[in-house]
Amino acid sequence: HLDANRSREAFLHLANDPDAAVRQQVAWGLAGQFEREDVKRAIAVLLKDKSPGVRFMTILAFGPQKCVPELEALSKGSDPLIADLAAQKLNQLANEKMN
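Quick caveat: nothing in here was measured; it's all calculated off a predicted structure.

Here is what the cut-offs are and how they apply
- All residue numbers here refer to positions counted from 1 along the written sequence of the relevant chain.
- Reporting of local features is limited, given that this is a predicted model, to residues whose pLDDT is at least 70; pairs of side-chain atoms are given and counted only at 80 or more, and all residues count toward the totals for whole chains, interfaces and linings.
- Only hydrogens and water are set aside when side-chain values are computed; all heavy atoms of the structure are taken into account.
- Salt bridges are identified by distance alone: a Lys or Arg side-chain nitrogen within 4 Å of an Asp or Glu carboxyl oxygen.
- Relative accessible area decides the class of each residue, using a 1.4 Å probe on protein chains only: under 20% of the type maximum gives buried, over 50% gives exposed, and in between gives partly exposed.
- Strands here are runs of E lasting at least two residues and helices are runs of H or I lasting at least four, both read from the DSSP assignment and numbered beginning at the N terminus.
- We call Phe, Tyr and Trp rings a pair once their centres come within 6.5 Å, taking the six-membered ring for Trp, and we label the pair stacked below 30 degrees between planes, edge-to-face above 60, and tilted otherwise.
- Two conditions define a charge located above a ring, namely a distance within 6 Å from the ring centre to NZ of Lys or CZ of Arg, and an angle within 35 degrees of the ring normal.
- Lines fitted to C-alpha atoms define the axes, with helix axes restricted to the stretch in contact, and inter-axis angles between N-to-C directions lie between 0 and 180 degrees.
- Oblique is the label for any angle not under 35 degrees, not over 145, and not in the 65 to 115 range, which are roughly parallel, roughly antiparallel and roughly perpendicular in turn.
- By definition, any crossing whose near helix is turned counterclockwise from its far helix by less than a right angle is left-handed, and any crossing with a clockwise turn is right-handed.
- What makes two residues a contact is simply this: any of their non-hydrogen atoms within 4.5 Å.
- Residues are grouped as follows: Ala, Val, Leu, Ile, Met, Phe, Trp, Tyr, Cys and Pro are nonpolar; Asp, Glu, Lys and Arg are charged; all remaining types, including Gly, are polar.

(A) Quick look at the pattern of salt bridges. Counted under the stated rule, the structure contains 4 salt bridges. As a salt-bridge pair, Arg36 and Asp38 come within 3.2 Å of each other at their nearest N and O atoms. On the accessibility criterion, Asp38 (17% relative accessible area) is buried. Residues Lys40 and Glu37 are paired through a salt bridge, measuring 3.3 Å at the closest nitrogen-oxygen approach. With Lys40 and Glu37 both in helix α3 (residues 37-46), this residue pair falls 3 residues apart, about one helical turn. Note on Lys40: relative accessible area 39%, which makes it partly exposed. One salt-bridge network, in which partners are shared between bridges, spans Arg8, Arg36 and Asp38.

This is the structure in structure tokens:
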């Protein structure tokens, strides 16, 4: 059994890690606690991270339907892999909305 408070504090600390691969996982570790103010602040920072991969993974964890403008920006970004993944996710959201 994990202590939610200790786990949250650890992930909030990792949001500042210099390694993008670490920061990419933070939002997943904070899932289920997105309503907390400290978590909201961390997610807001991660959504503006310099790494497109961090931003994309944060969007997936937080909920792509809540981050359409951010996905649109990534789909036009300089990282071709992330741009393609973001465009695919936007298409998926559009298809879900139509059904």
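(B) Local environment of the packing of aromatic side chains. Under the defined criterion, the tally for this structure stands at 1 aromatic pair. A centroid spacing of 5.1 Å and a plane angle of 80° characterise the contact between Phe34 and Phe62, whose relative ring orientation is edge-to-face. Placement of the pair is Phe34 in the loop between α2 (20-29) and α3 and Phe62 in helix α4 (residues 52-62), with a sequence separation of 28 residues. Geometry around Phe62 places Lys66 over its ring, the cationic atom sitting 4.6 Å from the centre.

(C) The arrangement of the packing of α4 against helix α6 (residues 80-98) in detail. Close contact between α4 and α6 brings their axes to 10 Å; oriented N to C, the two are set at 20°. Judged by the angle between their axes, α4 and α6 are roughly parallel. Judged by the twist between their axes, the crossing of α4 over α6 is left-handed. Each of Pro52, Gly53, Phe56 and Leu60 in α4 lies in contact with α6, whose residues at this interface are Ile82, Leu85, Ala86 and Lys89. Its residues assigned to classes, the contact of α4 with α6 shows 6 nonpolar, 1 polar and 1 charged.

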